[in-house]
Amino acid sequence: MGRLRVFSERMKGLFAQSRANREFEDELEEHLQLLTDRFVSQGLSPREAASAARRQFGNGALLQQRQREARTFLFLSSLWRDVCFGARMLRKHRGSTVAVVLALALGIGMNACIFTFVNALLLRPLAGFKAPGEMREVWEHSRNANGIHSFMPLTYPDYVFFRDHARSFSGILGYDGDPEGIIWNRSGHGEVLHGQLVSGNAFSVAGVGVAIGRSFTPADDQPNNPQPLVILRNNFWKQKLGGDPGILGKAMMLNGTNYTIIGVAQPGFTGFQVAMAPDFWTTLSMEEQLIHDPGRLTSRNTNWLLTEGRLAAGQSTKSAQAEISLLAREIELAHPDTNKAMDDVLYSFAPVPGPFRGYVTAFTGMLMVVFALVLVIACANAASLLMVKASGRAREMAVRSALGAGRGRLIRQMTVETLLLALIAGCAAVLLSYWTSHLLLNLIPTSLPISIELPLDWRVLVFTFLVALITGVVFGVTPALRGTRVDPAGVIKTEAHSGGYRKSRLRTVIMIGEIAVCALLLFSATLCVRSLLNAGSIDPGFDTQNIAVATLDAGSLGYSDAKIETFYRELDRHIRALPGVVSSSYVNHLPLDASREQTSVIDESLVATLPHGIPVDVFRVEPGYFKTMGISIVGGRDFVQSELDRKSKVIVVNTAMAARLWPGQNPIGKLVKVGDAKEQSEVIGVVKAGNYRSLGEDPIPVLFRVEMPSLRVLVVHTSKDPGALLDAVQRQVQIVDPNMAATQVQTIGSFMSLPMFAARTTGLLLGASGILALVLTWIGLFGVISFAVSERTREIGVRMALGAGRGDVMRLIMRQGLYVTSVGLVIGIGAALASARLLSALLYGIRPDDPATVVIVSAGMAAVAVLACHIPARRAVRVNPVVALRYE
Amino acid sequence: MTPEKQDEQIDLLQGTLDLLILKAVSLGPLHGYGVLLRIQQLSREELVIQQGSLYPALYRLEHQGAIGSEWGESENNRRAKYYKLTRFGRERLAGETQKWNRMAGIIGDILRATPEEA
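Predicted, not measured: the structure shown is a model, and the values here were computed from it. Throughout this document, residue positions are counted from 1 along each chain, in the order its sequence is written. For this description, chains carry letters from A and ligands carry numbers from 1, given in the order in which they are written. Confidence filtering applies because this is a predicted model: local features only for residues at pLDDT of at least 70, side-chain atom pairs given and counted only at 80 or more, and all residues used for totals across whole chains, interfaces and linings.

Scanning chain A from terminus to terminus reveals 28 helices and 25 strands. Looking at chain A as a whole, 37% of its 888 residues are labelled buried. Partitioning the intrachain contacts of chain A with sequence separation of at least 6 by distance along the chain shows that 82% fall at a separation of at least 24. Going along the chain from the N terminus, every DSSP run of H or I of four or more residues is numbered as a helix, and every run of E of two or more is numbered as a strand. Labels follow a simple rule on C-beta atoms placed from the backbone: if 20 or more others lie within 10 Å of a residue's own, it is buried; if 12 or fewer, it is exposed; otherwise it is partly exposed. A pair of residues counts as a contact when their C-beta atoms, built from backbone coordinates, are within 7 Å of each other.

Moving on: the overall build of chain B. When you go through chain B residue by residue, the secondary structure sums to five helices and three strands. Taken from the N to the C terminus, the helices and strands of chain B come in the order α-α-β-α-α-β-β-α. With 118 residues in all, chain B has 24% of them scored as buried. In chain B, of all internal contacts separated by at least 6 residues, the share reaching a separation of at least 24 is 47%.

We now examine the sheet that holds strand β3 (residues 79-85) of chain B. Residue and element names in this part refer to chain B. With respect to topology, three strands assemble into an open sheet ordered β1-β3-β2, the strand pairing being antiparallel. Of all the strands in the sheet, just β1 (30-31) and β2 (67-73) have a single pairing partner and so form its edges. Strand pairing requires that DSSP identify at least two bridges connecting the strands. With seven bridges joining them, β2 and β3 adopt antiparallel strand pairing. Directly across from Ile67, in β3, lies its bridge partner Leu85.

Residues and elements named next belong to chain A. With respect to topology, four strands assemble into an open sheet ordered β16-β24-β15-β25, the strand pairing being antiparallel. At either margin of the open sheet sits one strand with a lone partner, and together these are β16 (581-587) and β25 (743-747). When strand polarity is set aside, the average angle formed by the axes of neighbouring strands in this sheet is 15°. Working convention: axes come from line fits to C-alpha atoms, limited for helices to the stretch in contact. Angles between N-to-C directions cover 0 to 180 degrees. Sheet contacts for helix α18 (residues 561-576): β16 and β24 (711-718); angle to β16, the most-contacted strand, approximately 160°.

The next thing to look at is the interface of chain B and chain A. In this complex, chain B contributes 19 residues to the contact, which on the side of chain A involves 18 residues. Within the residue set of the side of chain B that touches chain A, elements represented by two or more residues are α3 (32-42), α4 (51-64) and β3 of chain B. The leading source of residues in the side of chain B that touches chain A is α4(B), at eight residues.

A few words now on the packing of helix α2 (residues 17-41) of chain A against helix α4 (residues 60-71) of chain A. Residues and elements named next belong to chain A. Interhelical geometry of α2 versus α4 gives an angle of 140° and a closest axis separation of 11 Å. Considered as vectors, α2 and α4 are oriented oblique to each other. In this structure, the crossing between α2 and α4 has a hand that is right-handed. Taking contact as the criterion, the partners of Ala20, Phe24, Glu25 and Leu28 in α2 are, on α4, Gly60, Leu63, Gln64, Gln67 and Arg71. Note that Gly is not counted as nonpolar here; it falls among the polar residues with everything else outside the nonpolar set of Ala, Val, Leu, Ile, Met, Phe, Trp, Tyr, Cys and Pro and the charged set of Asp, Glu, Lys and Arg. A breakdown of the residues in the contact of α2 with α4 according to their chemical character gives four nonpolar, three polar and two charged. Should an angle fall under 35 degrees it is taken as roughly parallel, and over 145 as roughly antiparallel, whereas 65 to 115 is taken as roughly perpendicular and any remaining angle as oblique. Working rule for handedness: look at the near helix, and if it is turned counterclockwise from the far one by less than a right angle, call the crossing left-handed; if clockwise, right-handed.

Below, the discussion takes up the pairing of strand β3 (residues 169-176) of chain A. All names here are of chain A. Within β3, seven of the eight residues are buried, which leaves it mostly tucked inside the rest of the structure. Of the strand pairs in this sheet, β3 and strand β13 (residues 305-311) are connected by seven bridges, and their pairing is antiparallel. Pairing of Gly174 across the sheet is with Thr307, part of β13.

A few words on unusual backbone geometry. Residue and element names in this part refer to chain A. Positive phi outside glycine occurs at Ala131, with the angle close to 45°. Here Ala131 falls in the exposed class, since 11 other C-beta atoms lie within 10 Å of it. Despite not being glycine, Lys647 shows a phi value in the positive range, around 50°. When you line up the elements, Lys647 lands in the loop between α20 (641-646) and β20 (650-654).

To continue, consider the confidence of the model for chain B. All names here are of chain B. What pLDDT conveys is the predictor's confidence in a given residue, as a value from 0 to 100. Per-residue pLDDT for chain B has a mean of 82; in total, 86% of the residues score no lower than 70. Element-level pLDDT for chain B is lowest in helix α1 (residues 3-7), with a mean of 45, against a maximum mean of 91 in helix α5 (residues 87-112). The low-confidence segment residues 1-10, where pLDDT is below 50, has five contacts with residues more than four positions distant or belonging to other chains. For this predicted complex, the interface score ipTM comes out at 0.77, alongside a pTM of 0.69.

To estimate how far a helix should reach, multiply one less than its number of residues by 1.5 Å. Here α2(A) spans 36 Å end to end across 25 residues, near enough to the 36 Å set by a 1.5 Å rise per residue. Along α2(A), the positions that sit buried rather than exposed are A:Glu27, A:His31, A:Leu34, A:Leu35 and A:Thr36.

Moving on to the confidence of the model for chain A. Across chain A, the average pLDDT comes to 82, with 93% of residues at 70 or higher. Predicted confidence for residues 495-501 of chain A stays below pLDDT 50, and this span has six contacts to residues more than four positions away or in other chains.

Take the packing of α18(A) against helix α22 (residues 726-736) of chain A next. Residues and elements named next belong to chain A. As a packed pair, α18 and α22 sit with axes 10 Å apart at the nearest point and diverge in direction by 135°. By the criterion of interaxial angle, the relationship of α18 to α22 is oblique. Here the hand of the crossing between α18 and α22 comes out right-handed. Facing Phe567, Glu570, Leu571, His574 and Ile575 of α18, the residues of α22 in contact are Val729, Gln732, Val733, Ile735 and Val736. Looking at the contact of α18 with α22, its residues break down into seven nonpolar, two polar and one charged.

This paragraph deals with the pairing of strand β10 (residues 251-254) of chain A. All names here are of chain A. Burial along β10 is one-sided: the residues Met252 and Leu254 are buried and none of Ala251 and Met253 is. Relative to strand β11 (residues 257-265), β10 runs antiparallel, the two being bridged by four bridges. Opposite Ala251, over in β11, you have Thr260 as the bridge partner. Hairpin remark: β10 followed by β11, antiparallel, with two residues in the connecting loop; positive phi at Asn255, about 45°.

Turning our eyes to something else, we now look at α18(A). Given a rise of 1.5 Å per residue, 16 residues ought to cover 22 Å, and the 23 Å separating the end C-alpha atoms of α18(A) matches this to within 8%. Buried residues along α18(A) sit against β16, β24 and α22 of chain A.

Once that is clear, we can look at the environment of A:Glu191. Inspection of the secondary structure assignment puts A:Glu191 in strand β5 (residues 189-198). Between the C-alpha atom of A:Glu191 and that of A:Leu254, which follows or precedes it by 63 residues, the distance is 9.7 Å.

Let us look at the environment of A:Val706. Residues and elements named next belong to chain A. Position of Val706 relative to the elements: it lies in the loop between β23 (702-705) and β24. The buried category is assigned to Val706, around which 22 C-beta atoms lie within 10 Å. Placed 62 residues apart in sequence, Val706 and Leu644 show a C-alpha to C-alpha distance of 5.7 Å. If sequence neighbours within four positions are ignored, Val706 has contacts with Arg620, Val621, Glu622, Phe639, Glu643, Leu644 and Lys647.

Moving on: the environment of A:Val509. All names here are of chain A. Position of Val509 among the secondary structure elements: in helix α17 (residues 505-536). The exposure class assigned to Val509 is partly exposed, which follows from the 13 C-beta atoms found within 10 Å. Separated by 311 residues in the primary sequence, Val509 and Val820 have C-alpha atoms spaced 8.5 Å apart.

Now the structure itself:
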């Protein structure tokens, strides 16, 4: 009890210190006075009494000091004084403070910005889930395949099996991983929404509640009795339906069926997947009515369900994984034809799905390394600057040391100053990273239905300030240690600045290091940017300028085949009538988008060499597609309308397929069996191969056929700006059929921004980092050379007096700067070439040791170095020898 | 306060000094110098406390809550800080006095032992 009281009194003693000091002084003064009076009353004269009293009293100053020590935690109060002094010093040297804070804020801020994305994608759990740490994702994994394509969602029968048999989970939910574009018929007017199919237990397993109404139950999700019910997303309800609680029980016409609204999800819940925010949810058993793909609930071949389960009490990932593997084995034995070599794997629950986390981590990891290097450069600058300042404070340190400050105390003083700097830089960095990360978000092409939230998360704040702290310690340690190595007597004796220019080897080393890191960064950045420029100019095999596209699904309204065809024909007629339209056609999906259809093709005459034929990608097109897309026909002809109407067995192949099957021969007229078809198809045309899956790939064999599905992409070639056409296309769709709406209406350019997105962002960030590094290095070099000049003023004066010309002086100064630069360049580019192998996987069309890049980087840095040295050199030249010699 | 008397100062342990101060203050509020004087008086001039030990002890006791302070007027009509005993201090004084007396009795018994009783 006593101890606690003493402690709290000591804490209280931190405040009102000056008042307490004064009071104690008064108390001692009074005591002294009383003693004096006593002596006076004993007969001494006032003066003798006073000195006798003082003698008896003893050391008043010591008493005061002891009392101060007893009053409070001296450490804290002197620390506070250090902080105040440090702040004053920073304010006094405003210029260098701003420079250091700016450099550090940029470095720390960019790192924090990258971390913001890392946090949003990998670390922060999805909103609305109860205890997300208990959830595990279940992925199907094929032992026969490698890499990311070996992971797949589950089939419905497999999901049901796990759901019903897995004891280690208290519940397993499943949802359709592809929120579909659904047409909402709002009083005769078609509008496109995104909806997601989820299992009946999804909301309860996830622990997500509803704002109004109720959520799904397993009873709502019976495949033999599907219930057309929907739950709306909270923001959608607020924005599109006015937040009206009376909508419960009302109906919504979605893709031709009436659904009853049974509830609205809790605010903030945006779904089961990162960055996708579907407008509504309905049950899995409604899948046939909603997306018109019959058989998904029974097929063991369609992998479409993403699944997550909540671990039961007392279960660990290991025990759950063991059970899942066992169950997977059971399925494999029971269904050897469909589930051969299928395992199931558990991942912990995070916004980015399990198998993709590796890629995301690697990508963001690389970006963080790059910006960490920029931060290193900024730190080196700061350290240099502080060392220079510290050497100017040698006298101050000497005086402090003479007054009794130990070395530790001096170091503490300097460390406090640097930590203050780092703290200010950290605050600036938080603002910078917030602003930059939102800027980067705007780069995401709008065609992606992605929405990522980036609020100011505590994790980002902790990260930023941790980095700032480490930065402060790192760049503060050396100046502190050096600046406090004092010889008090020596420094106070010398009136002069310093006898000569002490070439600081450490500063030189730091500068060389800075240039080396900068060169390394610049080299890598230039390589990547050039690679991206190459990639950007790849010809994907079709026109990327003058085309507008739109996705339509007449089948989503439940039309008959005949009605579907009528709609598309009519639309085509309308589109061709628009001004500026040269041609239009349909395709089942665009090249370079995420869809793919594959089959195998067998030429009976080649059964000896190719018994199983070759795998090919399939595109389904209408006549006029090649002309519209600007794909050259190099042999034979395009399809004709009659072949489309009669569903003739004709195909067009690309040059890659022709080369694979019939090298050197004319493929026109050849007969092949496509997939499971009984009849043969005849090759009637050959087109030039382009890119179909990703840019810069090796040519893939592709065939084109005329059997069209109900979901088609309209492609329109226009002689004018395609962007101007978009509204007109949408309007024509509405005119032809008011119930229909087109989705993803965009120009081909904005469609192409999706495959290019990752590459473009990387290029942008790398380019920014390179420029940042260059600017920081330039500033650093400038500072160091300027300081060298000012230190050598006397020496320059002597040289000039002894007959050195202006040119000699300039050469002297430039030599120093260029020496540092060339050594740094050699080291930096050497390191870059050595590590170039790491980059070669990312580069397109450029070798990792590309000589042109070496030349560019060297020339660039040399130019920067010359610029940095030039101004200080000119200043050196203007030195008046007479003045310099007198300069102290 | 002659030099010889100072040499014969009985070395006081810190805890004992606290006890003496508490006792001095228990007889009425005193300022620092007054505490010194009163202890001197009560010890019939045998005990002179140094200022250097007095003030730290006063401060310690105040921090521990055994004595409280307030500003008042000294004999010379000047501002002085007066210390007085708190309730906690009163209890502590009683307890410590009891302990001291018991200890003194025990030690006295040991010291009075004659060779036969050993």
